[in-house]
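# Close look at the chain arrangement
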Amino acid sequence: TYVVTDACIKCKYTDCVEVCPVDCFYEGDNMLVINPSECIDCGVCEPECPAEAILPDTEDGLEKWLELNTKFSAEW
Ligand code: SF4
């Protein structure tokens, strides 16, 4: 799955939402999040993010962000 990280906070762009083929972006408290169980790992959103906030969860140190993406996307 891909995860949205802190660079998204207060970002006003929604380019990622528009390109996602499975509509798995949701609104968190002050940033967008990706629902990990819906994300199909296509990677289309990553280059679209102007803030470079979207990263694959295979990168180190993203556990906290994965947890947060899971938590906030589950509330919908
Ligand atoms: Fe959507 Fe693909 Fe990005 Fe996952 S990797 S959030 S499916 S655009």
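Source: prediction; values computed, not measured.

The rules behind the values
Residues numbered from 1 in each chain as written. Predicted model: local features only at pLDDT ≥ 70, side-chain atom pairs only at ≥ 80, totals over all residues. Heavy atoms only, no water. Helix = DSSP H or I, 4+ residues; strand = E, 2+ residues; numbered from the N terminus. Buried < 20%, exposed > 50% of the residue type's maximum accessible area, 1.4 Å probe, protein only. Contact = heavy atoms within 4.5 Å. Near = heavy atom within 4 Å. Nonpolar A, V, L, I, M, F, W, Y, C, P; charged D, E, K, R; others polar. pLDDT = per-residue confidence, 0-100.

### Overview of the side chain of Thr5
Mapped onto the fold, Thr5 is located in the loop between strand 1 (2-4) and helix 1 (15-19). Given the relative accessible area of 5%, Thr5 is considered buried. Excluding residues that lie within four positions of it along the chain, Thr5 makes contacts with Met31, Ala53, Leu55, Leu62 and Trp65.

### Considering unusual backbone geometry
In this model, Lys10 sits at a positive phi of 65 degrees, which is unusual for a non-glycine residue. By the element assignment, Lys10 lies in the loop between strand 1 and helix 1. Of note in this structure, Glu52 is not a glycine but carries a positive phi near 50 degrees. By the secondary structure assignment, Glu52 is in the loop between helix 2 (45-48) and strand 4 (54-56). For Glu52, a relative accessible area of 67% puts it in the exposed group.

### Some words on the site of the ligand
In the vicinity of the ligand, the contacting residues are Tyr2, Cys20, Pro21, Val22, Cys24, Phe25, Ile34, Cys39, Ile40, Cys42, Gly43 and Cys45. Here the residues of the shell around the ligand are counted per class, giving 11 nonpolar, one polar and no charged.

### Focus: the confidence of the model for the protein chain
Summary statistics for the protein chain give a mean pLDDT of 96 and a share of 99% for residues scoring 70 or more. Quick note on the complex model: pTM equals 0.95, ipTM equals 0.95.

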